[in-house]
Structures are given as structure tokens and as C-alpha cells.
Amino acid sequence: MAFLSGTTTTHLWGRSPVSAWYRTRWICEAGSGRGFGAPRIPKFKYTGVLKPGKLSPPRRVPVEISRPSYAEDGRPRERPPMFPWEIEVKSAEAIEAMRVAGRVAREVLDEAARIVRTGITTDEIDALVHDATLRRGAYPSPLNYNKFPKSCCTSINEVICHGIPDSTVLRDGDIINIDVTCYVNGFHGDCSETFLVGDVDEAGRTLVRVTWECMDRAIAICKPGVPYHRVGAVIEEHAHLFGFKSVPQFCGHGIGKAFHTTPNVLHYKNVEPNGVMAPGHTFTIEPMLVEGSASSVTWPDNWTATTTDGKRSAQFEHTLLITEDGVERLTGRLPDSPPLPF
């Protein structure tokens, strides 16, 4: 689950940067009318065909399931390091716990992948993710994180990330990213994939394939001693070969006991001092590529981020561990994982 790049402190201290941005924008627009009476409420302009559906009631988590710090009130208690290059080195015990969390997240995402089809609703996908997570003794990390209302993110077509599952029905030709994070025994595992619904056109298939290639190529350079800023150049250069752009507003992140922490892993060329890879670091790489404009707009739900021109976006994500001699995919695909759609 990505977060806004450049606003880490705000986000990690338990206040959604998306919400903060939207509240500021709302105040400016709603308060810009003249005279007395209620302020003018702006009519939101959706950029594509997709509109919000109906939300189902909140899903419950049994009391015996271990919960993250924000489960009750939506406010993460973990505090970020003082500087962006300060990155936790996990102990051997923590690494084993991260492997478990990563495996659980992968298994749940694979279950979700198997039910993607024309005619299913994103709420049905969320219900499966929720139940599959609980069956493994885990908590669905997105649920109530900064008040996010569901157990996974479902981002269709022009939605870049943080789509909220609802009554929206998948149609033939859609592409959908499902983002799953599971909290197990005090640690989070985070992964996502973009799936094809029915008969997707060649341009959509290419977007999905190249997005996966960008992630895969970025992972391939990861090893001790590599600056985190090198990841972005690999992603952006490959995306540009096919005419795609990498969305700069959202980034990968450190992960462990905290859902989001250092390092910030930017998906575009940069020289930000976000640290150097070392054994014991755990983090995500999760590029979001778009067909058109790389700018985003956020819906009134304060979460759903879409392209400004209504063109499609795709995303893939793994949780990674830096080892003594390279990198391990903690959410790596399993022998029985559904095949990639290209």
C-alpha cells in the first residue's frame, strides 16, 4: 500500500497526507464564496468513467486476532526516524516474522486473484481478502489505517492506488490492481498485482506487462551498498521506452512492525538522501505506471487517487529483504500462484 512521497512525517505520525491535502483544498474552495449563508460546495469532477459505488458495512475482526496500533481509532502509534536515511536493521527473529507475514500476504493475494472475473464486485473481492486473512490468524492491515474503511485496495483502470472496495462491478476489458497487506504476530507483509478482466486490449496488456517489468528490474539491482535512489531511475527509464510515465506522488516504503516507515523508495529519477541498502532492511518497491498524465487527483472519499486525464494505471508490489549477498522477495510468487497475465 503506497503512500505520498515527500510527506512522510505527516503520514507516519498517523494523519493521512491524502486527507490533509483534500481538507486543505476543500477549505480553500468551499470558503471562496462571497456574502452570507452556507459556503458553496464544489461539484467534484471525476476524470474517467468510474464513479464510487455503495459501501457495505464494516467487516469485523475476532477479538483473538492480534491487532496493529491503529485498529481501534485509526491512528498509527509508530513514530518515524528523525532522518530519512535512518533505516531499521531487522534482527534474525524479526526477519523470520517478516517471512511469515510476507507468505500470508502472498497466499491471500493469490486467493483474490482466483476470483477476478467479469461480473464480480470489488466488495466481494474485499470480503474474500478479509476472510482469507482471518483464516490465517492475521489482521488485514488496511482496515482502519488512517480510517481506511476496507480490508484491501481495489484500483480499477484510471485509479492509481487506494481504491476502496464497494458495489462496483468488474467489466470485460477492465484492469484491476488488488493490494493486500497482512499483519501477523506484530509484523506487516505487503504486496499487490494488476489483473486482466476478460478480454483486455493490447495497450492495456502492454501497460500491465511493462509495469511488472519495471518492478522486476528494480528488484534486480537491490543488494547491500546500493543507494535507494537508484531504484527510481531503473523504473523510469524502462517505463519511458514504452511511452509510459511513473507516478511521482506515491512511493514504496519501509515496512515491519510499522506499516509505513523509512526508507522512502521513489519510483522516478532522483538523488534524494533516502539511505543505502544494508542486510536486514525490509521495504517495498511498487511502481505505478500510467498511459498519460502522471499527475493524480483524489476523490472526495479522501483516498481514491486517479489519473487527471482518466487514462489507465497499473501497479505491482513486493515486500523485500536485503540479505548479505542480494535481495529476497518476502512476498514472492509460489509454485501454485496463478500465472501472470502476460
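Anything mentioned here points back to the structure above.
Residues numbered from 1 in each chain as written. Predicted model: local features only at pLDDT ≥ 70, side-chain atom pairs only at ≥ 80, totals over all residues. Heavy atoms only, no water.

A. Just the sheet that holds strand β13 (residues 305-307), in detail. Taken in spatial order, the three strands make up an open sheet running β4-β13-β12, and their pairing is antiparallel. With one partner strand each, in any of the chains shown, β4 (159-161) and β12 (296-298) form the two edges of the open sheet. On average, each strand axis in the sheet is tilted by 40° relative to the strand beside it, whichever way the strands run. The sheet contact formed by β4 and β13 spans two bridges and is antiparallel. Along β13, the bridge assignment pairs V159 with T306. (Pairing = 2+ DSSP bridges. Helix = DSSP H or I, 4+ residues; strand = E, 2+ residues; numbered from the N terminus. Axes fitted to C-alpha atoms, helices over the stretch in contact; angles between N-to-C directions.)

B. Quick look at the pattern of salt bridges. Scanning all chains against the criterion turns up 21 salt bridges. With a shortest N-O distance of 3.1 Å, D201 and R312 are connected by a salt bridge. Remark: R312 occurs in the loop between β13 and β14 (313-315) and D201 occurs in the loop between β6 (187-196) and α5 (202-220); sequence separation between them is 111 residues. Between R312 and E291 there is a salt bridge; the shortest N-O distance is 2.9 Å. Pair noted here: R312 is in the loop between β13 and β14 and E291 is in the loop between β11 (288-290) and β12, with a separation of 21 residues, a long-range link. On the basis of relative accessible area, R312 is assigned to the buried category, the value being 14%. Overlapping salt bridges, with partners in common, bring together R103, E107, E111, R135 and R136 in one network. (Salt bridge = Lys/Arg side-chain N within 4 Å of Asp/Glu carboxyl O. Buried < 20%, exposed > 50% of the residue type's maximum accessible area, 1.4 Å probe, protein only.)

C. Main features of the pairing of strand β9 (residues 261-265). Within β9, five of the five residues are buried, leaving the element largely enclosed by the surrounding structure. As paired elements, strand β8 (residues 250-254) and β9 share three bridges and run antiparallel to each other. The residue bridging H253 from the neighbouring strand is N264, located in β9. Counting the residues that bridge the hairpin from β8 to β9 gives six residues.

D. Representation of the packing of helix α3 (residues 92-114) against helix α4 (residues 122-135) in the model. Running from N to C, α3 and α4 cross one another at 145°; their axes reach a closest spacing of 9 Å. As for how α3 packs across α4, the hand of that crossing is right-handed. Here V108, E111 and A112 of α3 come into contact with α4, specifically with I125, L128, V129, A132, T133 and R135. When the residues that make up the contact of α3 with α4 are grouped by side-chain class, the tally is six nonpolar, one polar and two charged. (Left-handed = near helix turned anticlockwise from the far one by under 90°. Contact = heavy atoms within 4.5 Å. Nonpolar A, V, L, I, M, F, W, Y, C, P; charged D, E, K, R; others polar.)

E. Quick peek at α4. End to end, α4 covers 20 Å across 14 residues, agreeing with the expected 20 Å (1.5 Å per residue, within 8%). Of the residues making up α4, those classed as buried are T122, D123, I125, D126, L128, V129, H130, A132, T133 and L134. Buried residues belonging to α4 abut α3, β2 (139-140), β3 (153-156) and β5 (175-184). Positioned one or two residues after α4, G137 has a phi angle of 75°, which is positive. (Expected span 1.5 Å × (residues − 1).)

F. Structural context of the packing of α5 against helix α6 (residues 230-241). Interhelical geometry of α5 versus α6 gives an angle of 150° and a closest axis separation of 9 Å. One finds that α5 runs roughly antiparallel with respect to α6. The interaxial crossing formed by α5 with α6 has right-handed handedness. Seen from α5, the contacting residues are V210, E213, C214, R217 and A218; seen from α6, they are V231, V234, I235, H238 and A239. Here the contact of α5 with α6 is composed, by residue class, of seven nonpolar, one polar and two charged. (Parallel < 35°, antiparallel > 145°, perpendicular 65-115°, else oblique.)

G. Representation of the packing of aromatic side chains. Within this structure, the stated rule accounts for nine aromatic pairs. Centroid distance F44 to Y46: 4.8 Å. Interplanar angle 70°. Geometry classified as edge-to-face. Ring geometry for Y228 and F283: centres 5.0 Å apart, planes at 90°, overall edge-to-face. A residue pair is termed long-range when its members are at least 10 positions apart, and Y228 in the loop between α5 and α6 and F283 in strand β10 (residues 282-285) qualify at 55 residues. (Phe/Tyr/Trp six-rings, centres within 6.5 Å; stacked < 30°, edge-to-face > 60°.)

H. Summary view of unusual backbone geometry. Here the bond from T262 into P263 is cis, since omega is 10°, no more than 30 degrees from zero. Looking at the element boundaries, P263 is found in strand β9. Unlike most non-glycine residues, N146 shows phi in positive territory, near 50°. Within the secondary structure layout, N146 lies in the loop between β2 and β3.

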